[in-house]
Amino acid sequence: MKLYNTASRKIEVFKPLNPPEVTFYSCGPTVYDFTHIGHLRTYVNNDVLKRTLTFIGYKVKHVMNITDVGHLTGDSDEGEDKIEKGALKTGATVWELARVYTDYFISSIDDMNIIRPDIFSSATQHVPEFIELIKVLESKGFAYETDEAVYFEVKKFPDYGKLSGQKLEEKMTKAREEVRLDVKKRNPVDFTLWFKATGRFKDHVMRWPSAWGEGFPGWHIECSAMCMKYLGETVDIHAGGVDHIPVHHENEIAQSEAVTGKKFVRYWFHNEFLLADGQKMSKSLGNFYTIDDIKNRGVDPMALRLLFLQTHYRQIMNFTWDSLSAASNAYSKLVNYVYELNENRHPMSVRKPTSDVGFQEETMAYRQKFIDAISEDLQAPKAVAVLWEIVKSNISAEEKLNLILEIDGVLGLNLKNAKFIVFEIPEEIKKLAQEREEARIAKNFKKSDELRGAINQKGYDIKDTDKGYKISKK
């Protein structure tokens, strides 16, 4: 198994700390709004990574945070608390809002056939752990207190910037251009560990007692504390979006390694952005899409998953409704093919896939081709291409079905539960098909072939069987 490691900026052979155990932490949602399909692309890619590791033989322990307090509208210390800002818009309480959007997130990942993490870790349930970690940082000289907050002093951590590759001087120059709200903050790049319920946050609803007075945790300390609580001081894989690299993940490294003196993360796994219609998703642009928008168009969420798999996780992807429509047609075709394979199989022919399934040589060659693709930094587009090669191959139906279902254990397209999808055939196509059938019966094969060509050009196939002709979408 090879993975691109953001920290080294190269593809590396994956070697967990304590094989076959793999510790996996993924940055979850900040639950201030509905989960959109850009988020879902990230979590699908994380899911494929986890499924691949399991397929290879590792035992993955997966933890995902739910940020329900502390994340400001800017990734640094500026702006408003995202949860409270969202609550003001909706009229709900912050607690109600967090619950509604958490439930929507979990429902969305279920729709996408994403395996739930072993642990969902909500920030509001771990405030004591955050406070204890800040106390350790303070005792080791990495943290200092002002009238408004407790900060991590970045200059005390010499390796700051090693993930993003940005030098501290560059970050400080950029930070000086921003508004500084706390005049006692020693350096503009120092980040908040604990916000006090004073000044701009004097009316903050979510607050807890602490050694520094009532307040609430900063976003960055949350992930470090929860990650180390459940997975240990060094984690094998930490996943998130590329937007987390320069601030959030940089800060996580600094505070975690300052506490333990150990390497915090062995492999950083970052996903690129999803654009919608060539632009960043925005409600003002009308291109902010959720899983409900997909389903309301009559599209199976698995078609969206298939669409995601056709772009590598480290490439920016552009979502359009046309591309989803094409993926939906492809998924329907795949589902119907698997359904027919399953219907026509011998009742005792399908075995539970294992690593030594006893396939014939040609089938094993396809299986290895799939493994080579998915193990090379999750080349999902190549893996999907191999799946289609298998569909079109001449290997036996029994082995084909077994192999497809084994592969689907990694791709997660839910093919084992495939149900035949009935297409609505346009009247125009039905009429052409009937004319062709009449020409074929009359042995007018030239006309029959011409009509078949006309049907093909309109996106449909026609196949002659013992029970008559059958029309299907191409």
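About the criteria used
Residues numbered from 1 in each chain as written. Predicted model: local features only at pLDDT ≥ 70, side-chain atom pairs only at ≥ 80, totals over all residues. Heavy atoms only, no water. Helix = DSSP H or I, 4+ residues; strand = E, 2+ residues; numbered from the N terminus. Buried < 20%, exposed > 50% of the residue type's maximum accessible area, 1.4 Å probe, protein only. Contact = heavy atoms within 4.5 Å. Areas by Shrake-Rupley, 256 points an atom, 1.4 Å probe, with all protein chains shown as cover. Lys, Arg positive; Asp, Glu negative; His and termini not counted. Charge placed at Lys NZ, Arg CZ, Asp CG, Glu CD. Pairing = 2+ DSSP bridges. Axes fitted to C-alpha atoms, helices over the stretch in contact; angles between N-to-C directions. Parallel < 35°, antiparallel > 145°, perpendicular 65-115°, else oblique. Expected span 1.5 Å × (residues − 1). pLDDT = per-residue confidence, 0-100. Phe/Tyr/Trp six-rings, centres within 6.5 Å; stacked < 30°, edge-to-face > 60°. Lys NZ or Arg CZ within 6 Å of the ring centre and 35° of its normal. Salt bridge = Lys/Arg side-chain N within 4 Å of Asp/Glu carboxyl O. Polar contact = N/O pair within 3.5 Å; in protein donor to acceptor, adjacent residues only side chain to side chain.

Explain the overall build of the protein to me, and be specific about the residues and the numbers.
Looking only at helices and strands, the protein has 15 helices and 15 strands in total. The buried share of the protein, reckoned over its 474 residues, is 52%. Of the contacts made within the protein by residues no fewer than 6 positions apart, 74% connect residues no fewer than 24 positions apart. When the accessible surface of the protein is summed, it comes to about 22,100 Å², and 50% of that surface belongs to carbon and sulfur atoms. For the protein, the centre of its 66 positive side-chain charges and the centre of its 69 negative side-chain charges are spaced 3 Å apart.

Give me the lowdown on the environment of Asp-75, citing residues and values where you can.
Checked against the element boundaries, Asp-75 lands in the loop between strand 4 (59-66) and helix 2 (82-90). Classification of Asp-75 as partly exposed rests on a relative accessible area of 26%. Dropping the residues within four chain positions of it, Asp-75 is found in contact with Trp-219, His-220, Asp-243 and Val-247.

Account for the sheet that holds strand 4, naming residues and giving values.
Taken together, five strands build an open sheet; the order of strands is 5-4-3-10-11 and the sheet is parallel. Strand pairing shows two members of the sheet lacking a second neighbour, strand 5 (119-122) and strand 11 (265-271), which therefore form its edges. Put simply, the sheet's adjacent strands are angled 20° from each other on average, direction ignored. In the sheet, strand 3 (residues 21-26) pairs with strand 10 (residues 235-241) via three bridges, with the strands oriented parallel. In the strand pairing of strand 10, Ser-26 is matched with Ala-239. Running at roughly 155° to strand 10, helix 7 (residues 245-260) makes contact with strand 10 and strand 11 of the sheet.

Please set out the packing of helix 1 (residues 37-56) against helix 9 (residues 301-309) residue by residue, giving values where relevant.
Taken N-terminus to C-terminus, the directions of helix 1 and helix 9 make an angle of 75°; their axes are 10 Å apart at the nearest point. When the axes of helix 1 and helix 9 are compared, the pair comes out roughly perpendicular. Seen from helix 1, the contacting residues are Ile-37, Leu-40, Arg-41, Val-44, Asp-47, Val-48 and Arg-51; seen from helix 9, they are Leu-304, Arg-305, Phe-308 and Leu-309.

Tell me what's going on with helix 11 (residues 361-375), and back it up with residues and numbers.
Its 15 residues place the ends of helix 11 21 Å apart at the C-alpha level, agreeing with the 21 Å of an ideal helix rising 1.5 Å per residue. By the burial criterion, the buried members of helix 11 are Thr-363, Tyr-366, Arg-367, Phe-370, Ile-371, Ala-373, Ile-374 and Ser-375. Backbone geometry just after helix 11 places Asp-377 at a positive phi near 55°.

Lay out the confidence of the model for the protein in plain terms, naming residues and giving numbers.
Model confidence for the protein is summarised by a mean pLDDT of 92, while 94% of its residues fall at 70 or above. Counting contacts from residues 348-356, a segment whose pLDDT is below 50, to residues more than four positions away or on other chains yields 16 contacts.

Requested: an account of the packing of aromatic side chains, with residues and values cited.
Going through the model one piece at a time under the given rule, you end up with 20 aromatic pairs. Judged by centre distance (5.0 Å) and plane angle (55°), the ring pair of Phe-14 and Tyr-267 falls under tilted. Placement of Phe-14 in the loop between strand 2 (10-13) and strand 3 and of Tyr-267 in strand 11 is noted, with a sequence separation of 253 residues between them. Relative accessible area serves as the criterion here: at 5%, Tyr-267 is assigned to the buried category. For the pair Phe-195 and Phe-201, a centre-to-centre distance of 5.2 Å together with 70° between the ring planes defines the contact as edge-to-face. We classify Phe-201 as buried; its relative accessible area is 8%. In this structure an aromatic cluster arises from ring pairing among Phe-14, Tyr-58 and Tyr-267. The side chain of Arg-314 reaches across the aromatic face of Tyr-313, ending 6.0 Å from its centre.

Just give me the short version of the side chain of Asp-68, but keep the residues and values in it.
Within the fold, Asp-68 resides in the loop between strand 4 and helix 2. No salt bridge is formed by the buried Asp-68; the nearest opposite charge belongs to Arg-99, separated by 7.2 Å. A polar contact is formed between the side chain of Asp-68 and the side chain of Thr-124, at a distance of 2.7 Å. Ignoring anything within four residues of it in the chain, the contact list for Asp-68 reads Val-31, Ile-83, Ala-98, Ser-122, Ala-123, Thr-124 and Met-206.

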